Amino acid sequence: MSVPDAASTAEAVVDEVLSAVVADRTVLEEITAGVLARGHVLLEDVPGTGKTLTARSFATALGLEFSRIQFTPDLMPSDVTGSYVFEEDTGEFRFTPGPVFANVVLADEINRAPPKTQSALLEAMEEGQVTVDGETHDLPDPFVVIATQNPVEQEGTFELPEAQRDRFMIKTSLGYPDADGTRELIDRRADRDRPDPTVEPVVGREDVRELQAVPESVTVEGQIRDYLGELCRATREDGRVDVGVSPRGVQRLFEVSRARAVLDGREYVVPDDVRRIAKPALAHRLVLNPETSVHGTSRRAVVDAVLETVEVPAMEPPEGSASPPQ
């Protein structure tokens, strides 16, 4: 699949999701970039903003198998990964796959389950496989985890540890709808005779695999690679940060910047691609020091400051490229 074809297809997917979800297009494009870059997405929002509907709509539009796991304090790791069940008729144990064996897995309210259960997703997210009783089982391809958590009602919840947050390529929020979006929600509720908007498949599983292969062909010039590295190093040197962006985070920013370029139909990355995706790709990876947290400074504010201080490189389109830089 060519970059222009991939851009057109991704745009059609976002349009289809927007037919059912009242949300900002930019946020849905961030999620799409994460999917194209073979990453996982963390949605943090107050209740009732459409996180579950968004995840389900993306799975439908992409033509992928969907599974939802409701995380609760009593959820066990085997409830996520599956377990071996003894069959009396054969006298053998047979593996019964858990809900993680789907293309798009919604980990709903992930911070409500204890760390032992949260960690059951770690191997799945990083390796695309799970190990149960010493046996390894491959997960479907493609495989995307969309996890949600609420920033309110923190009593009785378990904050995601830094190691697990670092495994999410993108962390973003749907936020409250604007005035037009709010009116649309009211109109839908008022008109009971009108069926709720439904999402139709735009592509299929093989198409998604092809889409995910496209960013690998996107060119990232040396000055852009240096810029990526400087941004991440600057987070480590910021006095408000105890732990900056990890080497894994550097790689993930590189990958999702290429996907961001694909969404714009461009065969190469420009600084604006990096800047547009930096906050959802980097902010959740930072660990702020206690003094900064007390003063109410957000991780995104730190990334904003880094983007302002690190010099943006000037660049020309790579030789043979047809698209102008943005």
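A few points on the structure. Computed from a predicted structure; not experimentally measured.

## Section: the environment of V220
Okay, step 1: Examined against the element boundaries, V220 turns out to sit in the loop between α9 (205-213) and α10 (222-237).
Okay, step 2: Measuring from C-alpha to C-alpha, the distance between V220 and E127 comes to 25 Å, with 93 residues separating the pair along the chain.
Okay, step 3: Once residues lying within four places of it in the same chain are set aside, the contact partners of V220 are R225, F254, R258 and V269.

## Section: the pattern of salt bridges
Okay, step 1: Scanning the model with the defined rule gives 25 salt bridges in all.
Okay, step 2: The partner of R167 in a salt bridge is E126, and the shortest N-O contact between them spans 3.9 Å. With R167 in the loop between α7 (162-165) and β9 (170-172) and E126 in helix α6 (residues 120-127), this residue pair connects regions lying 41 residues apart in the sequence.
Okay, step 3: Bridged by salt links that share partners, the residues D15, R25, E29, R260, D264, R266, D273 and R276 form one connected network.

## Topic: helix α11 (residues 247-263)
Residues spaced three or four apart along an α-helix point in a common direction, a consequence of the helix completing one turn every 3.6 residues.
Okay, step 1: Given a rise of 1.5 Å per residue, 17 residues ought to cover 24 Å, and the 25 Å separating the end C-alpha atoms of α11 matches this to within 8%.
Okay, step 2: Burial in α11 covers these residues: G249, R252, L253, V256, S257, R258, A259, R260, A261, V262 and L263.
Okay, step 3: On its buried face, α11 sits against α1 (3-18), α2 (25-36), α6, β9, α10 and α12 (271-282).
Okay, step 4: G265 sits one or two positions beyond α11 and adopts a positive phi of about 70°.

## Observations regarding the packing of aromatic side chains
Okay, step 1: Going through the model one piece at a time under the given rule, you end up with 3 aromatic pairs.
Okay, step 2: Seen in terms of ring centroids, F95 and F101 are 5.8 Å apart; in terms of plane orientation they differ by 65°. Their pairing is edge-to-face.
Okay, step 3: Of the residues examined, F101 reaches a relative accessible area of 16% and is grouped as buried.
Okay, step 4: Of the aromatic side chains, those joined through ring pairs into one cluster are Y84, F95 and F101.

## Details of empty space enclosed by the protein
Okay, step 1: The final tally for this structure, using the stated rule, is 2 cavities of 30 Å³ or more.
Okay, step 2: If you add up the space inside the largest cavity, you get close to 50 Å³.
Okay, step 3: What lines the largest cavity is simply A10, V13, T32, V35, L36, F58, L62 and L211.
Okay, step 4: Looking at the lining of the largest cavity, the elements with two or more residues in it are α1 and α2.
Okay, step 5: Classifying every residue of the lining of the largest cavity by side-chain character gives 7 nonpolar, 1 polar and no charged.
Okay, step 6: Computed from the structure, the second largest cavity encloses a volume of approximately 40 Å³.
Okay, step 7: Around the second largest cavity sit V35, F58, A59, L62, V104, V144 and I146, which together line it.
Okay, step 8: If you list the elements that add at least two residues to the lining of the second largest cavity, you get α3 (51-61) and β8 (144-149).
Okay, step 9: Its residues placed into classes, the lining of the second largest cavity shows 7 nonpolar, no polar and no charged.

## Quick notes on the sheet that holds strand β1 (residues 41-44)
Okay, step 1: The 5 strands are arranged β2-β5-β8-β1-β9 in an open sheet whose pairing can be described as parallel. This sheet does not close on itself; its edge strands, each paired only once, are β2 (66-70) and β9. In this sheet, adjacent strand axes meet at a mean angle of 15° when their direction is disregarded.
Okay, step 2: In the sheet, β2 pairs with strand β5 (residues 104-108) via 5 bridges, with the strands oriented parallel. In the strand pairing of β5, F66 is matched with V104.

Quick notes on the rules
Residues numbered from 1 in each chain as written. Predicted model: local features only at pLDDT ≥ 70, side-chain atom pairs only at ≥ 80, totals over all residues. Heavy atoms only, no water. Helix = DSSP H or I, 4+ residues; strand = E, 2+ residues; numbered from the N terminus. Contact = heavy atoms within 4.5 Å. Salt bridge = Lys/Arg side-chain N within 4 Å of Asp/Glu carboxyl O. Expected span 1.5 Å × (residues − 1). Buried < 20%, exposed > 50% of the residue type's maximum accessible area, 1.4 Å probe, protein only. Phe/Tyr/Trp six-rings, centres within 6.5 Å; stacked < 30°, edge-to-face > 60°. 1 Å grid on protein atoms, 1.4 Å probe; cavity = no way out; pocket = protein on both sides within 12 Å on 5 of 7 lines; lining within 4 Å. Points joined across faces, edges and corners; volume = space filled by probe spheres on them. Nonpolar A, V, L, I, M, F, W, Y, C, P; charged D, E, K, R; others polar. Pairing = 2+ DSSP bridges. Axes fitted to C-alpha atoms, helices over the stretch in contact; angles between N-to-C directions.

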